[in-house]
Every structure is written in structure tokens, then in C-alpha cells.
Amino acid sequence: MHLAILVHGGAGEVSAASLEDRQRGCHAAAAAGYAVLKQGGGAVDAVQAAVAVLEDNPLFNAGTGSTLNREGRVETDAAIMDGATLKAGAVAAVSGIRNPIRLARRVMDSSRHILLAAEGALRFARQQGIEVCDPRELVVPGQRTRWEREHGTVGAVALDSHGRLAAATSTGGIFDKLPGRVGDTPLIGCGTYADARGAVSCTGHGEDIIRTTLARSAVHLLEQGLDAPAAAELAIRHFVDMTHSEAGLIMLDHQGRMGYARSTTHLPVCGMTADGTLISAA
Ligand code: ASP
């Protein structure tokens, strides 16, 4: 059994104290996802559970605690992908959803589409009985000053006991973004991707991640024979060569090998495998 889960808490630069808190948050999320896998649950359920824990933690730029756009409002993006079926669900520029990853999952399971945005996504949420809250409830105090310097998109990748891979990513986007701006996170192949070979969740400068289709590019390296640790490093190296920009990613290959790499100062990650291995890095 190659059960594995790996989560991240966003690429960027954070203070030492904040980094420790984020590592603790990542650990709690990895444990939640791992519990799902351990009970025989699917990789998709595991990444959803892990990302929902991070969305509920106000330290991270996803769900509650999301960054503010130019108008001082929260607009979130999220995506989930099942590597075994290539089914995916995503939402973009949605306000007033506490757990955008749950809505993305519903788009995957209960609609004919992959990506729903803004008002249409909210209407779909209401139809599906997903709680819609006042967007101001997602704003935490002190956020404006904090998000000017810190990031904290969240993501998870998992491999379940049936060998199925999945990826999920959720974000408030980038500080001071224009209303309606959509980043890499909900775009399949850019910020989020999973197939039978690998699962990837990215974080960093969304526009540059989109132009390099970073998540799919990383899986392409697995197809060329690299394992996840080598593919992650090379994907980020190619990304930097092409854009001179900032990003990080986590990935798993079909054997449950974990890869993570970054061009930023920090990328808190936490991983757990069936043999009890715990990986924690910053
Ligand atoms: N990639 C996210 C975005 O551009 C932000 C981040 O990862 O910090 O929306």
C-alpha cells in the first residue's frame, strides 16, 4: 500500500513565528486527509478534507482569512481533480463561500461543467444546498496589512489504497487584485492537475503559473521517466528560467513518492505515508 498525502500552505516569505504556525496548520490538514485514506477513503475525499481544514484556518489565504481584492472584498478560487477519471471541478471569483473546495467538488460531481465563476457559481451553490455566507464573514482582522507581504494559498495531493491520485487547491488569490481576476488555482493544468501518473498543486504568482501551465508541465516530466522529487525540482527550474518569477509546487507520483520545490523563500509542506513517514519542510 502506497497511501500518501502531501499538503502545502502557500509559497511566499513569512516570519519565523508565522511559519511555525503554518507548519502546524499543514500538519493538522495532512492528518485529516490521512485519516480518510487510512479508513479506505478515496484520494479525492482525502484532498478535499485536507484543503477544507486549511480553508477554515484563518492563517491561510483560502476560505476564511482570504486576501482582499482592490475593493476590499474576498473572491476565492478553488479546484479539485480526480486523476483516475480525469474528472475535475472548479470555481472562480466566488464570494461568500466558506469552503470553496466543497463547491468545486460539487461542480465535479453534480454538474456537466468543470469551472463555474462568480454569480453563476453562487447560484449553483444555493441550488446544491451549500451554505452561502456574508462575504464579510471571511475577512479576518489585520488581514490587509498582513497580506501585503505574505501569501498562503493551500493545496493537497493524495494517493489512495486503490492507487488513485487526486489534487486540490484553494486560494483567495493575490492581494489588491482587480475584482474578477482569476488566478492559476482553478485552471486545470495550471495550478491544479491530476492523472494516473501524478497529482500536482501549485502556489505562487498566478499569471506566471498560467503562462507556463506549471502543474501539467510537472506531470509531463513524470511521463519522461522522472520521479516526483526530481520532476518537482526540474519543473520549478524550468518555470524560473522562463519567467524569473515565484512559485512552489507539491506533487505525488503513482508510487506515492513526494516532490516539492519552490523559488520562494518559504513553502510550508507536510506529508504522511503508510509506513508512518512524516515529512515536514518549510
Ligand atoms: N497562485 C495564487 C494566485 O495567483 C496565489 C498564491 O499561490 O499565493 O491566485
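As a reminder, the structure under discussion sits directly above these lines.
Reading the values: the criteria
- Residues numbered from 1 in each chain as written.
- Predicted model: local features only at pLDDT ≥ 70, side-chain atom pairs only at ≥ 80, totals over all residues.
- Heavy atoms only, no water.
- Helix = DSSP H or I, 4+ residues; strand = E, 2+ residues; numbered from the N terminus.
- Buried < 20%, exposed > 50% of the residue type's maximum accessible area, 1.4 Å probe, protein only.
- Contact = heavy atoms within 4.5 Å.
- Salt bridge = Lys/Arg side-chain N within 4 Å of Asp/Glu carboxyl O.
- Polar contact = N/O pair within 3.5 Å; in protein donor to acceptor, adjacent residues only side chain to side chain.
- Pairing = 2+ DSSP bridges.
- Axes fitted to C-alpha atoms, helices over the stretch in contact; angles between N-to-C directions.
- Phe/Tyr/Trp six-rings, centres within 6.5 Å; stacked < 30°, edge-to-face > 60°.
- Lys NZ or Arg CZ within 6 Å of the ring centre and 35° of its normal.
- Near = heavy atom within 4 Å.
- Areas by Shrake-Rupley, 256 points an atom, 1.4 Å probe, with all protein chains shown as cover.
- Nonpolar A, V, L, I, M, F, W, Y, C, P; charged D, E, K, R; others polar.

Caption draft 1: Just the overall build of the protein, in detail. A tally of helices and strands in the protein yields eight helices and twelve strands. Projected onto its principal axes, the C-alpha coordinates of the protein cover approximately 45 × 40 × 30 Å. Here the protein holds 282 residues, and 57% of them are scored as buried. The contacts of the protein with a sequence gap of at least 6 include a subset with a gap of at least 24, amounting to 68%.

Caption draft 2: Structural context of the pattern of salt bridges. Across all of its chains, the model carries 13 salt bridges by this definition. For Glu 119, the salt bridge goes to Arg 126, with nearest N and O atoms at 4.0 Å. Taking the relative accessible area as the measure of exposure, Glu 119 reaches 41% and is therefore partly exposed. Looking at Arg 126, the relative accessible area reads 49%, which means it is partly exposed. A salt bridge links Glu 207 to Arg 181; the nearest nitrogen and oxygen atoms lie 2.9 Å apart.

Caption draft 3: Expanded view of the side chain of Asp 253. Mapped onto the secondary structure, Asp 253 falls in strand 9 (residues 247-253). A distance of 3.0 Å separates the side chain of Asp 253 from the backbone nitrogen of Ala 228, its partner in a polar contact. In contact with Asp 253, other than residues within four places in its own chain, are Leu 159, Leu 165, Arg 197, Gly 198, Leu 222, Asp 227 and Ala 228.

Caption draft 4: A look at the sheet that holds strand 10 (residues 258-262). The four strands lie next to each other as 7-8-9-10, forming an open sheet whose pairing is antiparallel. Each end of this open sheet is capped by a strand with a single partner; those strands are strand 7 (192-194) and strand 10. Taken over all neighbouring pairs, the strand axes of this sheet differ in orientation by 10 degrees on average, direction set aside. Here strand 8 (residues 198-204) pairs with strand 9 via seven bridges, running antiparallel. Bridge pairing in strand 9 links Thr 203 to Gly 248.

Caption draft 5: Just the sheet that holds strand 1 (residues 4-8), in detail. Taken in spatial order, the eight strands line up as 4-3-2-6-5-1-11-12 in an open sheet, and their pairing is mixed. Of all the strands in the sheet, the pair left with one neighbour each is strand 4 (115-117) and strand 12 (278-281). Strand after strand, the sheet turns through a mean of 5 degrees between neighbouring axes, direction not considered. Sheet analysis places strand 2 (residues 76-82) next to strand 6 (residues 165-171), joined by six bridges and oriented antiparallel. Paired with Met 81 across the two strands is Ala 167, which belongs to strand 6. Where helix 1 (residues 16-38) meets the sheet, its contacts fall on strand 1, strand 5 (154-159), strand 11 (269-273) and strand 12, and the angle it forms with strand 1 comes to roughly 150 degrees. Sitting on the sheet, helix 4 (residues 118-127) touches strand 3 (87-94) and strand 4, and the angle it makes with strand 4 is about 105 degrees.

Caption draft 6: Spotlight on the pairing of strand 9. Counting buried residues in strand 9 gives seven out of seven residues, a clear majority hidden from the surface. Covered by surrounding structure in strand 9 are Ala 247, Leu 249, Met 251 and Asp 253 together with Gly 248, Ile 250 and Leu 252, the residues of both alternating faces. Where strand 9 meets strand 10, five bridges bridge the pair, whose relative direction is antiparallel. Directly across from Gly 248, in strand 10, lies its bridge partner Arg 262. Between strand 9 and the antiparallel strand that follows it, strand 10, lie four residues; Gly 256 among them carries a positive phi value of about 80 degrees.

Caption draft 7: Here's a closer look at the packing of aromatic side chains. Per the stated rule, a full pass over the model turns up zero aromatic pairs. If you follow Arg 22 out to its NZ or CZ, it ends over the ring of Phe 60, 5.9 Å from the centre.

Caption draft 8: Representation of the site of the ligand within the structure. If you check the shell around the ligand, you find eleven residues, and the closest are Thr 153, Arg 181, Asp 184, Thr 203 and Gly 204. Between a nitrogen atom of the ligand and a side-chain N or O atom of Asp 184, the distance comes to 2.6 Å. Taking Gly 204, its main chain carries an N or O atom lying 2.7 Å from a nitrogen atom of the ligand. Bound to the protein, the ligand loses 100% of the 270 Å² it would expose on its own. In terms of residue class, the shell around the ligand is built from one nonpolar, eight polar and two charged.

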